[in-house]
Amino acid sequence: MNIKDIAQLAGVSTSTVSKIVNHKDASITAATRDRVLELVRKYHYTPYGSSKPNTTTWRIGVLLSSSISMDSTLDGIIQQAQKSGYGTLVFNSYGDHDQEERNILAALEHRVDGLVWEPIDRASLSLKSRIEAGGIPELTIGPLGDDKTALMPYEEAAYSLTEELIKRRHTSIACLLSPGRRTQSFLHGYRRCLFDHNLQYHADMVLGTIDEDLTRVLENRHVTGVVASHYHHALEFLSLPNPCITACPRISPWSR
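Figured I'd write up the structure that's included with this text.

Parameters at a glance
- Residues numbered from 1 in each chain as written.
- Predicted model: local features only at pLDDT ≥ 70, side-chain atom pairs only at ≥ 80, totals over all residues.
- Heavy atoms only, no water.
- Salt bridge = Lys/Arg side-chain N within 4 Å of Asp/Glu carboxyl O.
- Helix = DSSP H or I, 4+ residues; strand = E, 2+ residues; numbered from the N terminus.
- Buried < 20%, exposed > 50% of the residue type's maximum accessible area, 1.4 Å probe, protein only.
- Core = buried A, V, L, I, M, F, W, Y, C linked by side-chain atoms within 4.5 Å.
- Contact = heavy atoms within 4.5 Å.
- Pairing = 2+ DSSP bridges.
- Right-handed = clockwise from strand over helix to strand, strands pointing away.
- Axes fitted to C-alpha atoms, helices over the stretch in contact; angles between N-to-C directions.

This brings us to the pattern of salt bridges. Pairing between side chains becomes possible if they bear opposite charge and their charged atoms approach one another. Per the stated rule, a full pass over the model turns up seven salt bridges. The salt bridge involving Lys128 is made with Glu138; its shortest N-O contact spans 3.8 Å. Highlighted residues: Lys128 in helix H6 (residues 128–133) and Glu138 in strand S4 (residues 138–140), separated in sequence by ten residues. Judged by relative accessible area, which is 16%, Lys128 ranks as buried. Glu138 gets classed as partly exposed once you look at its relative accessible area, which sits at 23%. Residues participating in the shared-partner salt-bridge network are Glu155, Glu156 and Arg192.

Rendered as structure tokens:
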């Protein structure tokens, strides 16, 4: 899709399209601007010379710090970006600081319109000056997020789900914990809720797999409720051939 194609679909001249995507459209009506921008977003059109600072590329850079194979974070980002007409460039540093810096530079080179960044650790935050120098809006997510609204709500979710079971008079609650970026936050929420309700935490009641260990814990600890950090893990647990297990109305707390 080139500028002539966009212009033809919008019923305007190529110069009009050029003015709009380069923010020189003061003399163009709002209706025409909206029509052109809708097509630009729909077809992810990148104008020639998009390396210029004031040119919109309709791309969002996503900088992750670890494996995403067990998490839905990236799916959510991509889904929301596409709904808004943006494409995504995804990079993963896998815990390597040198790779993280190269990823940031690559994203800046592509002149993305914004960055969603999950730093590896506090040392990574020194790279923020590189992003600021590039003049690109950036949103820090994860435990080091500088805006509480950007933090993944796993801790509060775990607390709420555990509390729901406690309200239903469960006092022996296990935790199914899937590996991923949610792990520590979810565990902390689970433990904090037990503490706040004067229930003892037992390390052996936190399990990462559904196997014989889970069956042993359910029996030895007389577990009556389970919270799961991942929806698919919860469904797997419910599929166990145990007629005593039933699901609560919410997604992740389960009781029998």
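Resuming the write-up.
This next bit is on the nonpolar core. Within the largest apolar cluster, 28 residues are counted, with the highest numbers of intra-cluster contacts made by Leu176, Tyr190 and Val227. At the level of secondary structure, the elements contributing two or more residues to this core comprise helix H7 (154–167), strand S5 (173–176), helix H8 (183–196), helix H9 (212–220), strand S7 (225–228) and helix H10 (231–238). In this structure Leu176 touches Leu207, Thr209, Ile210, Leu214, Val226, Val227, Ala228, Ser229, His233 and Phe237, once residues within four positions along its chain are discounted. Listed in part, the 14 residues of the second largest apolar core include Val17, Ile28, Val40 and Trp58.

It is worth spelling out the pairing of strand S3 (residues 114–117) at this point. Alternating positions in S3 separate into two faces, Gly114 and Val116 on one and Leu115 and Trp117 on the other, with burial throughout. When strand S1 (residues 59–64) meets S3, the two strands line up parallel, connected through four bridges. Counterpart to Val62 in the pairing with S3 is Val116. Bridge count for S3 against S4 is three bridges, and the pairing is parallel. From the neighbouring strand, Leu115 faces S4, where its bridge partner is Glu138. Note that the unit made of S3, H6 and S4 has a crossover that is right-handed.

Spatially, four strands are ordered S2-S1-S3-S4 in an open sheet, and the strand pairing comes out parallel. In this open sheet, the two strands that pair with only one neighbour each are strand S2 (87–92) and S4. For this sheet, the mean angle separating the axes of adjacent strands, direction not counted, is 15°. Its contacts with the sheet place helix H5 (residues 97–109) against S1, S2 and S3, and it is angled at close to 160° to S2.

Shape is all these values report; function is a separate question.
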